[in-house]
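# Examination of the molecular architecture
Residues per chain are reported as follows:
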Amino acid sequence: RHAWSAGCELIYGSWDLTMGVTWEYLEPRTHADPFDRMAGSLGLSWKRERFTVGAGVLLTEVNDSDLGFVGTAGFRYDIRRGLSFNAGYIHADTKGVSTDGRPFGMAHLSGLRMSFGYSF
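Throughout, a residue's number is its position along its own chain's written sequence, starting from 1. Residues qualify for local features only when their pLDDT is at least 70, as the model is predicted, and side-chain atom pairs are given and counted only at 80 or more; totals for whole chains, interfaces and linings, by contrast, use all residues. Each side-chain value is worked out from all heavy atoms of the structure, with water and hydrogens disregarded.

Quick look at the pattern of salt bridges now. We define a salt bridge as a contact between a side-chain nitrogen of Lys or Arg and a carboxyl oxygen of Asp or Glu at a distance within 4 Å. Tallied over the full model, the rule gives three salt bridges. Its salt-bridge partner being R37, residue E24 comes within 2.9 Å of it at the nearest N-O pair. Here E24, found in strand β2 (residues 15–26), pairs with R37, found in strand β3 (residues 35–48); they are 13 residues apart in sequence, far enough to count as distant. Judged on exposure class, the residue E24 and its partner R37 are both buried. Residue R76 pairs with D78 through a salt bridge whose shortest N-O separation is 3.0 Å. Among the ionic contacts, a cluster of salt bridges with common partners joins K47, R76 and D78. Segments assigned H or I by DSSP are reported as helices when at least four residues long, segments assigned E as strands when at least two residues long, and all are numbered from the N terminus. For the exposure calls, accessible area comes from a 1.4 Å probe over protein chains only, and a residue counts as buried if that area is under 20% of its type's maximum, exposed if over 50%, partly exposed in between.

If you want it as structure tokens, here you go:
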């Protein structure tokens, strides 16, 4: 496995912008052919007092196949120190190849998620 990745995070006041790219060349230990996998991501968030809103996108490609897309959007409300309520939406339209060379099925999904989180 050979890979490189690079990322950048820019913060200005209440705004946070993250960007990343990655490339992998994988030679599976099974009898599958070697393959390239590339991805690029972009995320943006904004925080105001206890409320944070964010969105992101991930574009992927395996061996010059169709471009895959994953998009997310969500928010977090900080109830008190360490305790938060989180809600988000995800939409995925992608296919891929796992590290053992086996193809993933096409992923066409959308969903909502809500959770409470606690960290200390």
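There's more to say after this.
Attention shifts here to the side chain of E61. Within the secondary structure, E61 sits in strand β4 (residues 51–62). Within this scheme the basic residues Lys and Arg register as positive and the acidic residues Asp and Glu register as negative, but His and the chain ends are omitted. Buried and unpaired, E61 has no salt bridge, with R37 as the nearest side chain of opposite charge at 9.7 Å. Setting aside anything within four residues of it in sequence, one finds E61 in contact with D36, R37, M38, D66 and L67. By definition, residues are in contact when any of their heavy atoms lie within 4.5 Å.

What follows concerns the pairing of strand β7 (residues 107–118). Of all twelve residues making up β7, only zero are buried, and the element is barely covered by its neighbours. Here, any two strands with at least 2 DSSP bridges between them count as paired. Direction of pairing for strand β6 (residues 83–94) relative to β7: antiparallel, over a ladder of twelve bridges. Among the inter-strand pairings, Y89 is bridged to a residue of β7, identified as L112.

What follows is about a nonpolar patch on the surface. Within the patch definition used here, like charges are joined within 9 Å and nonpolar side chains (Val, Leu, Ile, Met, Phe, Trp, Tyr) within 5 Å, considering only residues with over 30% relative accessible area and no salt bridge. Note on areas: these come from Shrake-Rupley sampling with a 1.4 Å probe, and a residue is covered only by the protein chains present in the view. On the surface, Y12, W15, L44, W46, F51, V53, F75, Y77, I79 and F116 cluster together into a nonpolar patch covering about 1000 Å² of accessible area. Those elements giving two or more residues to the nonpolar patch turn out to be β3, β4 and β5 (68–80). Counting through the fold element by element, Y77 comes out in strand β5.

A regular strand carries its side chains on alternate faces of the sheet. Sheet analysis places β2 next to β3, joined by twelve bridges and oriented antiparallel. If you follow M19 over to β3, its bridge partner there is L42. In the sheet, β3 pairs with β4 via twelve bridges, with the strands oriented antiparallel. By the bridge assignment, M38 is partnered in β4 with E61. Here β3 folds back onto β4, and the loop between the two strands holds two residues, one of which, E49, carries a positive phi near 55 degrees.

A few words now on the packing of aromatic side chains. Centres within 6.5 Å are what make two rings of Phe, Tyr or Trp a pair, Trp counting through its six-membered ring; a difference in plane orientation under 30 degrees is then read as stacked, over 60 as edge-to-face, and the rest as tilted. Inspection of the entire model under this criterion finds five aromatic pairs. Plain terms: the ring middles of F75 and F85 are 6.1 Å apart, the flat faces sit at 55 degrees to each other, and that makes the pair tilted. With F75 in strand β5 and F85 in strand β6, this residue pair connects regions lying ten residues apart in the sequence. For F85, a relative accessible area of 21% corresponds to the partly exposed category. Ring pairing ties together the aromatic residues F51, F75, F85 and F116, which thus form one cluster.

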